[in-house]
Amino acid sequence: MNRNIKKVAVLGSGIMGSRIACHFANIGVEVLMLDILPEELKSSLSVADKAVRNRIVNNALEIALKSNPSPVFSKKVIDKITTGNFEDDMKDIATCDWVIEVVVERLDIKKAVYNEVEKYRNPGTLISSNTSGIPIHLMAEGQSEDFKAHFCGTHFFNPPRYLRLLEIIPTPHTKPEVIDFLMHYGDKFLGKTTVLCKDSPAFIANRVGVYSIMALLHLVEKMDLTVEEVDKFTGPALGRPKSATFRTTDVVGLDTMINVANGLYQNLPEDKAHELFRLPGYVLKMQQNKWLGDKTQQGFYKKIKDKDGNTEILAVDLKTFEYKPQQKVKSATLEATKPIQNIRERMKVFAKGTDKAGEFFRTSFFGLFEYVSDRIPEISDELYRIDDAMRAGFGWELGPFEVWDAIGLSESLEGMKKYIKQPAPWVHEMLDAGFKSFYKIENGTKSYYDIPTKSYKSVPGTDAFIILNNIRESKTIWKNSGTTITDLGDGILNLEFHTKMNTIGGEVIQGINKAIDLAENDFRGLVIGNDGANFSAGANIGIIFMAAIEQDWDEVNIAIKMFQNTMMRVRYSSIPVVAAAHNLTLGGGCELCLHADYVQMSAETYMGLVEFGVGLIPGGGGTKEFALKASDNFKEGQIEQNALKDAFLTIGLAKVSTSADEAYELGYLQKNRYSITMNRSRLISDAKENAIKLVDAGYTKPVQRKDIRVLGKSGLGIVYAGANSMLAGHYISEHDKKISEKLGYVLCGGDLSAPTLVTEQYLLDLEREAFLSLCGEKKTLERIQSILTKGKPLRN
């Protein structure tokens, strides 16, 4: 379908409208955002001042831009958004390719807006609603045939930049090509997991998600669970977000959850789980007390200051309604899951647990299995759409049918009987026909059980993705304890890390060198990327710490030199190396990207050289790369001192980008040597495509640089003066001053008497020497020990 989206109109500028507008601006689309006039102007429409007439929409945009986390990739995208009001500017939707309605959840108001849209909308223009609960077909009633043909629901989840789900809900009148276009556009350009939904109450994700939450709320009373226990049982160990259940409710707002639950209770009288949507007494008590979460400063949790001024987070006792210090949750089942990285294997441990956590898992999931199997075909004809919706909309690592597969379908049915839970008849029919799981993977392709045809079918759309979990078994050509090398086809290899937070230690260094060896001998290119939560949180500082404690400086020196040599090999191998970065890309992970021939960035990449925070400077070539970048900026006409200052501050302040766009602005990426993937699921595939492009363009091994201009003493004077000034003003400590001087020393090429041209190896030697000297500092070791004992990643 030949349709381009160059300009979008967003009607409504509330929390969702303003942030949807920001996300379209993120991808470079022009946005017209409109809202109502201020109430006092409705009887006095002669007021001509646009700032007054657009006050509501402008204030909404300003609030959105100040929110944290930010809805925009970069402040620069704000220029893409034009604001206006319904009275003066509705006519301008004639210039838009897509009109998205995001006004208050009242059918009469929405239909009034559509009547105005009909006056100005060009035939063929897409029109959609972001409603989360009003039946889509009711909104289309009474509109023109062309309106109906191009209308459907497009339900974004809040916040639209970060939550990946976009539910597409057509009506019987929606053209199939419109549905296909939105499914594809949402995936490729908006970076969403697009899920086709039926026009049923709450669609898919909220229907299942709210059921799950409400079942859990009732389970609290039944099992006498505390707030702390629930959030421990339903957090990362279970493959759920860190905010788990009650913390998430506090963030979203208890009132929001209550409204959705009440809506489902009223609209689903025939639902087998109807009574579960009735609010428990303690929730009604919290509503009465106006303990709604962050918006009222207290909910399931309450933040206070103790007598010393330190922040403390209390948890509510759901029996007494008193706030008390949080209690540590002890569970043998949880302890047993800690060393298990594979989420599917963890599910088996939960299912067999004999304590409260195990009982909680079985009670909640057996009920969930019954519920989701009964929802087919009511909310979806295909089971994979339910899993997709729950992963993308609620942040579950595994959807309900995937969890069911993980613990074993046949085994779970026996357990469900004990808990008086009965799956839908089609599940038994599937087993009787010899199908033992809802999904299977063959030759790297994931298939799902299709209920109508009683056969496996490939999950649609996944041919555009390379999912390493699906190909690892059949395409692995080498592996060690921390890495796996797989054949992506077309002469391209992939190296993935498997260490904790994908930190870089000896096994990863070995894997990088082995992957380059294999690629240079028998293949054409290499991608370094993974399907984990993060690209890499940096070097394994624990190794450096232990050697430094033992004062084994030869060992530290060898480790740093090996890291540097490996990074240089990434840059100067005879095959192109493409890094596929996403999420945390810190320290050594950032240095790897700095040396790659090309970086394929997920839009959500948080990149930075953060070593300064533990009393070190980047030692894997990162400092050298910023000296090189400063030198190139000298040649492009930038004032030398300013270029040096920019490089120094980026490293010295341990700046971390909040997006891929900002990573470029901070200097971590080079123009024409990176591109951005909106949909994380496409990242490895896009990286492979760019590796092939480099090969086809006649890639040749680069030549090491010998023309890096450094400033020597003239630059050092600026650095030292700045550090002394910061110390005198009590902005930094003596130790910070020492780190600053070491960093400046490397960036300036040492104490050379005049600006000089130096080689990369010269700078690497200076970098390694400075890193070694800082490793011996007591303050540095104390900082590293503090991070290691708290188990936190290296970040600022």
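A brief structural summary. (Residues numbered from 1 in each chain as written. Predicted model: local features only at pLDDT ≥ 70, side-chain atom pairs only at ≥ 80, totals over all residues. Heavy atoms only, no water.)

Overview of the overall build of the protein chain
Applied cut-off: Secondary structure follows DSSP: runs of H or I at least 4 residues long count as helices, runs of E at least 2 residues long count as strands, and numbering of each begins at the N terminus. Atoms counted for the radius of gyration: C-alpha only. Globule rule: 2.2 Å times the number of residues to the power 0.38. Buried, partly exposed and exposed residues are distinguished by accessible area as a fraction of the type maximum, computed with a 1.4 Å probe on protein chains only: under 20%, between the cut-offs, and over 50%, respectively. Residue contacts follow a heavy-atom distance rule, with two residues in contact if any of their heavy atoms lie within 4.5 Å. Residue exposure ignores everything except the shown protein chains as possible cover, and the areas themselves are Shrake-Rupley values with a 1.4 Å probe. Charged-residue counts in this description rest on Lys and Arg as positive and Asp and Glu as negative, His and the chain ends being excluded. Note on charges: their place is set at NZ of Lys, CZ of Arg, CG of Asp or CD of Glu.
Within the protein chain, the secondary structure is distributed over 33 helices and 23 strands. Taken against the 2.2 N^0.38 rule, which gives 28 Å for 796 residues, the C-alpha radius of gyration of the protein chain at 28 Å falls within 12% of a compact globule. Principal-axis analysis of the C-alpha atoms gives the protein chain an extent of 80 × 70 × 65 Å. Split into buried and exposed, the 796 residues of the protein chain put 55% on the buried side. Nonlocal contacts in the protein chain, meaning residues at least 24 apart in sequence, comprise 70% of its contacts between residues at least 6 apart. Just so you have it, the protein chain exposes about 34,300 Å², and 51% of that area is on carbon and sulfur atoms. Measuring between centres, the 97 positive side-chain charges of the protein chain sit 2 Å from its 101 negative side-chain charges.

So, the nonpolar core
Defined as follows: Among the buried residues, those of types Ala, Val, Leu, Ile, Met, Phe, Trp, Tyr and Cys that are joined through side-chain atoms within 4.5 Å form a nonpolar core.
Grouped together as the largest cluster of nonpolar side chains are 113 residues, with contacts concentrated most on Leu-11, Phe-300, Met-347, Phe-401, Trp-426 and Phe-438. It is helix α9 (residues 205–223) that provides the largest number of residues to this core, a total of eleven residues. Leave out the neighbours within four places in its chain, and Phe-438 touches Leu-383, Phe-401, Trp-404, Asp-405, Leu-409, Trp-426, Val-427, Met-430, Ser-447, Tyr-448, Tyr-449 and Tyr-456.

Some thoughts on the pattern of salt bridges
Pairs may arise between side chains of opposite charge once their charged atoms sit close together. Condition: In the sections that follow, a salt bridge refers to a side-chain nitrogen of Lys or Arg positioned within 4 Å of a carboxyl oxygen of Asp or Glu.
Scanning all chains against the criterion turns up 50 salt bridges. For Asp-224, the salt bridge is made with Lys-319, and the minimal N-O distance between the two is 2.9 Å. One end of the pair, Asp-224, is in the loop between α9 and α10 (227–233); the other, Lys-319, is in the loop between β10 (311–316) and β11 (323–325), and 95 residues separate them in sequence. Overall, Asp-224 belongs to the partly exposed group, its relative accessible area being 41%. Judged by its relative accessible area of 61%, Lys-319 falls in the exposed class. Where Asp-696 meets Arg-524, a salt bridge forms, and the shortest distance between an N and an O atom there is 3.5 Å. Of the two residues, Asp-696 is situated in helix α29 (residues 683–696) and Arg-524 in the loop between α22 (506–522) and β18 (525–528); the sequence distance between them amounts to 172 residues. Overall, the relative accessible area of 32% leaves Arg-524 in the partly exposed class. Within the structure, one salt-bridge network assembled from shared partners comprises Lys-50, Arg-53, Asp-88 and Asp-89.

Considering unusual backbone geometry
Cis geometry is adopted by the peptide bond preceding Pro-69, which originates at Asn-68 and carries an omega value of 5 degrees. Within the secondary structure, Pro-69 sits in the loop between α3 (55–66) and β3 (81–85). Cis geometry is found at the peptide bond from Ile-376 to Pro-377, where omega equals 10 degrees. Checked against the element boundaries, Pro-377 lands in the loop between α16 (356–374) and α17 (383–394). With a phi angle near 55 degrees, Asn-443 is a residue other than glycine that sits in the positive phi range. Of note, Asp-490 is a non-glycine position whose phi angle comes to about 60 degrees, a positive value. The topology assignment puts Asp-490 in the loop between β16 (483–489) and β17 (492–497). By relative accessible area, Asp-490 is classed as exposed at 51%.

Description of the packing of helix α15 (residues 343–352) against helix α18 (residues 400–407)
What counts, and what does not: Between N-to-C directions, angles cover 0 to 180 degrees, with each direction set by a line fitted to C-alpha atoms, over the stretch in contact for helices. Small angles under 35 degrees read as roughly parallel and large ones over 145 as roughly antiparallel, with 65 to 115 read as roughly perpendicular and the rest as oblique. The nonpolar class holds Ala, Val, Leu, Ile, Met, Phe, Trp, Tyr, Cys and Pro. Asp, Glu, Lys and Arg form the charged class, and all remaining residues, Gly among them, are polar.
Between α15 and α18, the least distance of the axes is 8 Å, while the angle of their chain directions is 70 degrees. As summarised for this structure, α15 and α18 are arranged roughly perpendicular, according to the angle between their axes. Across from Arg-344, Met-347, Lys-348 and Ala-351 in α15, the residues of α18 making contact are Glu-402, Val-403, Ala-406 and Ile-407. Grouping the constituent residues of the contact of α15 with α18 by class yields five nonpolar, no polar and three charged.

Here we look at a negative patch on the surface
For the record, the criterion: Patches in this entry comprise residues that are over 30% relatively accessible and not in a salt bridge; like charges within 9 Å are linked, as are nonpolar side chains (Val, Leu, Ile, Met, Phe, Trp, Tyr) within 5 Å.
On the surface, Glu-550, Asp-552, Asp-554 and Glu-555 cluster together into a patch of negative charge. Topologically, Glu-550 is positioned in the loop between α23 (541–549) and α24 (553–572).

What about the state of the cysteines?
As a reminder, the rule being used: Two cysteine sulfurs form a disulfide in these notes if their separation is within 2.5 Å.
One pass over the structure, following the stated rule, counts zero disulfides. No disulfide involves Cys-590; its sulfur sits 6.5 Å from the nearest other cysteine sulfur, which is in Cys-593. Under the relative-accessibility criterion, Cys-590 is labelled buried at 0%.

Things to note about the packing of aromatic side chains
Operational definition: Here is the rule: rings of Phe, Tyr and Trp (six-membered ring for Trp) pair when centre to centre is within 6.5 Å. Planes less than 30 degrees apart are stacked, more than 60 are edge-to-face, and the remainder are tilted. Should the NZ of a Lys or the CZ of an Arg lie within 6 Å of a ring centre and within 35 degrees of the ring normal, that charge is described as sitting over the ring.
Tallied over the full model, the rule gives 33 aromatic pairs. Each ring, one from Trp-291 and one from Tyr-323, has its centre 5.2 Å from the other, and the planes form 55 degrees; the classification is tilted. On the criterion of sequence distance, the pair formed by Trp-291 in the loop between α13 (281–288) and β9 (301–305) and Tyr-323 in strand β11 is long-range, its members being 32 residues apart. There is no split in this pair, since Trp-291 and Tyr-323 are both buried. Relative to Phe-369, the ring of Phe-365 has its centre 6.0 Å away and its plane inclined at 55 degrees; by these criteria the two rings are tilted. One end of the pair is Phe-365 and the other is Phe-369, both in helix α16 and four residues apart, which spans about a single turn. Note on accessibility: Phe-365 and Phe-369 belong to one class, buried. The aromatic ring of Tyr-439 is capped on one face by Lys-446, whose charged end is 4.5 Å from the ring centroid.

Overview of the pairing of β3
Short version of the rule: When DSSP finds two or more bridges between a pair of strands, those strands are recorded as paired.
Burial of β3 is extensive: four of the five residues sit out of reach of the surface. Two strands pair when backbone bridges link them, and strand β2 (residues 30–35) and β3 are joined in this way by five bridges, in the parallel orientation. Looking across to β3, one finds that Met-33 is bridged to Thr-83.

Re the side chain of Thr-174
Short version of the rule: Counted as a polar contact is a pair of N or O atoms within 3.5 Å, where, for protein atoms, one must be capable of donating a hydrogen and the other of accepting one, and residues adjacent in sequence contribute only when both atoms are in side chains.
Checked against the element boundaries, Thr-174 lands in the loop between β7 (165–170) and α8 (176–188). Here Phe-151 takes part through its backbone oxygen, which lies 2.6 Å from a polar atom of the side chain of Thr-174. With near-sequence residues (within four places) excluded, Thr-174 lies in contact with Lys-148, Ala-149, Phe-151, Cys-152 and Ile-179.

Here we look at the side chain of Ser-536
Tracing the backbone through its elements, the reader meets Ser-536 in the loop between β18 and α23. Of note is the side chain of Ser-536, whose polar atom sits 3.2 Å from the backbone nitrogen of Gly-538.

A short note on the sheet that holds β11
Sheet architecture is open: three strands sit in the order β9-β10-β11, paired in antiparallel fashion. Pairing within the sheet leaves two strands with one partner each, and these edge strands are β9 and β11. Across this sheet, the average inter-strand angle for adjacent strands is 45 degrees, counted without regard to direction. As paired elements, β9 and β10 share five bridges and run antiparallel to each other. In the sheet register, Tyr-301 faces β10, and the bridge partner there is Ala-315.

Some points on helix α30 (residues 713–728)
To be explicit about the condition: Expected helix span is given by 1.5 Å per residue-to-residue step, counting one fewer step than there are residues. Summarising the geometry, the arc corresponds to the directions from the helix axis toward the C-beta atoms.
Between the first and last C-alpha of α30 there are 22 Å, a value that for 16 residues agrees with the 22 Å anticipated at 1.5 Å per step. Among the residues making up α30, those that are buried are Gly-715, Leu-716, Val-719 and Ala-723. Summarising the axial view, the buried residues of α30 lie within an arc of 100 degrees, below the 170-degree limit, and thus occupy one face. Along its buried surface, α30 packs onto α27 (640–652) and α31 (734–747). One or two positions beyond α30, positive phi appears at His-730, with a value near 60 degrees.

These figures capture arrangement, not role.
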